[in-house]
Amino acid sequence: MADVILANFDGSVFRPTQPISLEPNTPVRLTVESLAPPPGQPASFLRTARSLQLEGPPDWASHLDKYLSGDRS
């Protein structure tokens, strides 16, 4: 089973931002990917865009003007 669990690191432990359906003491594997840039470093546009998990038609990159104008034909 693979789930994405968002958490905050308080300096000692990771604290999930939402309830998790695991029994206490269940072994897990954590892969840590920082979602916030280090202090003083600007945010990455690509990281921000990926975190939004946007969905759209498969051709929206090649027909961006059409979709921005509202033309659905």
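Shown above is the structure to which this text applies.
A. Structural view of the overall build of the protein. Helix and strand counts for the protein stand at two helices and two strands. Taken from the N to the C terminus, the helices and strands of the protein come in the order β-β-α-α. For 73 residues, the compact-globule formula gives about 11 Å, and the C-alpha radius of gyration of the protein, at 18 Å, lies well above that figure. Seen through its principal axes, the protein has C-alpha atoms that stretch 55 × 35 × 15 Å. Per-residue burial over the protein gives 0% buried out of 73 residues. When the accessible surface of the protein is split by element, carbon and sulfur atoms take 57% of a total near 7200 Å². Here the protein contributes 6 positively and 8 negatively charged side chains, and the mean placements of these two sets differ by 5 Å.

B. View of a nonpolar patch on the surface. Judged by side-chain polarity, I5, F9, F14, I20, L22, V28, L30 and V32 come together as a nonpolar surface patch covering roughly 770 Å² of accessible area. As for its placement among the helices and strands, L22 is situated in the loop between strand 2 (14-16) and helix 1 (45-51). For L22, a relative accessible area of 36% corresponds to the partly exposed category.

C. Just the packing of aromatic side chains, in detail. Inspection of the entire model under this criterion finds one aromatic pair. With centroids separated by 4.8 Å and ring planes inclined at 40 degrees, the aromatic side chains of F9 and F14 adopt a geometry described as tilted.

D. Molecular detail of the pattern of salt bridges. As enumerated under the stated definition, the model contains one salt bridge in all. Between D10 and R15 there is a salt bridge, with the nearest N and O atoms lying 3.0 Å from each other. We classify D10 as partly exposed; its relative accessible area is 43%.

The rules we used
- Residues numbered from 1 in each chain as written.
- Predicted model: local features only at pLDDT ≥ 70, side-chain atom pairs only at ≥ 80, totals over all residues.
- Heavy atoms only, no water.
- Helix = DSSP H or I, 4+ residues; strand = E, 2+ residues; numbered from the N terminus.
- Rg over C-alpha atoms; globule rule 2.2 N^0.38 Å.
- Buried < 20%, exposed > 50% of the residue type's maximum accessible area, 1.4 Å probe, protein only.
- Areas by Shrake-Rupley, 256 points an atom, 1.4 Å probe, with all protein chains shown as cover.
- Lys, Arg positive; Asp, Glu negative; His and termini not counted.
- Charge placed at Lys NZ, Arg CZ, Asp CG, Glu CD.
- Patch = residues over 30% accessible without salt bridge, like charges linked within 9 Å, V, L, I, M, F, W, Y side chains within 5 Å.
- Salt bridge = Lys/Arg side-chain N within 4 Å of Asp/Glu carboxyl O.
- Phe/Tyr/Trp six-rings, centres within 6.5 Å; stacked < 30°, edge-to-face > 60°.

Remember that the coordinates give geometry; whether it matters functionally is a separate question.
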